[in-house]
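Examining the three-dimensional arrangement
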Amino acid sequence: MYAASSPVSAPQRSLHPRPAAGGGPYLAPARPAAPVLGAGKTRRGAGPGTQPLSGRIDLSGPQGAQLRTAIASVHRICPEFSPVQVLRRSGRSVLLVGTTGRSTAVAKCLLDHSPTWAERIRHEIGAYRSFVRHRPPVRVPRLIAADPDNCTLVIERMPGRSAALQRHPLEAPPRADIRAALGAVCRLNAWRPPTGTFDAPLDYAARISRFHELGLLTDRDLGDLQKLLHGIAHAGGRQGTGQFCHGDALLSNILMSPAGPVLVDWEHAGWYLPGYDLATLWAVLGDAPVARRQISQIAQSGGTAARDAFLVNLMLVLTREIRTYETAVHRSMQDTVPAQPVPAQPGAVPSGEEQRLLLRRLHDDCQMARRAVRAAVGTR
């Protein structure tokens, strides 16, 4: 939801299980396994910094009118909120940083109140409210105030920095950051919130059929993924009932704070097939092959059903990313007026040559995942 301050790396954490000895492309042959997935060239980049809390909000013009409306919505539920700067703004929402007494807070206000976006922020508000009663095993911002009807949310601003400023980092983040983020995600995935607290945001069968209708999945992809879903459904046990996931476990949604990683943006939290968060991390770590290998091994350590669930998730996540960036490239090609340069934002879509290079990598990754899916079907 936001990037914060204080560029301090999180402490290193060990992950279990450890990678298989020898670093080969397959797990031990005690049970059938798909190839461990990994690609790209390792490049170590410096972690992104953040700016201190300062600035002045421009309330003039049409955009200023939107901001005044947003601030008024915040004041209705949190009168002591004093806005200081616009942290991020898009066509659908605005993030405002401000103070509430002696504390610093972030207000998220929806600008586009269409049903899809309104439902997402209401889902996020519900997640933060549930965390008040049932604390997850990871650090999350404290809820200050919320208004589901007006789609307004106010939470504390956590110290730290975003693990990545882009949805797909151009450089591999420091290994310590990746290790800490992956450890937090694994702890969250092992959590079992009370029954009825969260629902299942993703209809797998419908999503697969939709991607097939759009031509993003082949007939064989459709058949293979349906076979894996069928096998997972009959596996029973924990894999059969699902796993609690953040639902959008991008590095840009993880803050590296002095006390450890903080997860923000809970719009998609709920129950998924095991490995959804791991698949999301794998998809965006194209320049971190060691981390990809470890993610793949962790996902497969739970047995055949866990392996198959991870592969189904990975195919859907990669296909979604391809669709997102192909749409962005198409729009940029249709745009005859050069866009004004804007600062990089967490989760932002790159432009121009970066988009084309990213799309090439995503298609290569999807082919790799496709081969792993076919190998997994062959072991059943």
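It should be noted that the structure appears before, not after, this text.
Note that the coordinates shown come from a computational prediction; the quantities given were computed from them, not determined experimentally. (Residues numbered from 1 in each chain as written. Predicted model: local features only at pLDDT ≥ 70, side-chain atom pairs only at ≥ 80, totals over all residues. Heavy atoms only, no water.)

A count of helices and strands for the chain gives ten helices and ten strands. Here the chain holds 380 residues, and the buried ones make up 51% of them. Of the contacts formed within the chain by residues at least 6 apart in sequence, a portion of 77% connects residues at least 24 apart. When the accessible surface of the chain is summed, it comes to about 17300 Å², and 52% of that surface belongs to carbon and sulfur atoms. (Helix = DSSP H or I, 4+ residues; strand = E, 2+ residues; numbered from the N terminus. Buried < 20%, exposed > 50% of the residue type's maximum accessible area, 1.4 Å probe, protein only. Contact = heavy atoms within 4.5 Å. Areas by Shrake-Rupley, 256 points an atom, 1.4 Å probe, with all protein chains shown as cover.)

Our next topic: the pattern of salt bridges. Per the counting criterion, the structure on display carries 14 salt bridges. Where R307 meets D308, a salt bridge forms, and the shortest distance between an N and an O atom there is 2.8 Å. Owing to a relative accessible area of 2%, R307 belongs among the buried residues under this scheme. Put simply, R92, K108, E124, D265 and E267 are held in one network by salt bridges that share partners. (Salt bridge = Lys/Arg side-chain N within 4 Å of Asp/Glu carboxyl O.)

This brings us to the nonpolar core. By size, the foremost hydrophobic cluster in this structure holds 88 residues, and its most contacted members are Y204, W266, F310 and V312. Broken down by element, this core gets its largest block of residues, twelve residues, from helix 9 (residues 304-334). Among all residues touching Y204, those that are not within four sequence positions of it are L229, Y272, L273, Y276, V312, N313 and L316. (Core = buried A, V, L, I, M, F, W, Y, C linked by side-chain atoms within 4.5 Å.)

With a phi close to 55°, C151 is a non-glycine residue in the positive phi region. When you line up the elements, C151 lands in the loop between strand 4 (143-147) and strand 5 (152-156). Its relative accessible area of 0% is what places C151 among the buried residues. In the Ramachandran plot, D265 falls in the positive-phi region, its phi being about 60° despite a non-glycine side chain. Structurally, D265 can be placed in the loop between strand 9 (260-263) and strand 10 (270-272).

As a further point, take the packing of helix 3 (residues 175-189) against helix 8 (residues 289-300). Look at helix 3 against helix 8: their axes get within 11 Å of each other, and the N-to-C directions meet at 20°. The angle between helix 3 and helix 8 falls in the class roughly parallel. Between helix 3 and helix 8 lies a crossing of right-handed hand. On helix 8, the residues touching R175, I178, L182 and C186 of helix 3 are V290, A291, Q294, I295 and I298. Residue composition of the contact of helix 3 with helix 8, by class: seven nonpolar, one polar and one charged. (Axes fitted to C-alpha atoms, helices over the stretch in contact; angles between N-to-C directions. Parallel < 35°, antiparallel > 145°, perpendicular 65-115°, else oblique. Left-handed = near helix turned anticlockwise from the far one by under 90°. Nonpolar A, V, L, I, M, F, W, Y, C, P; charged D, E, K, R; others polar.)

Keep in mind these values describe shape, not function.
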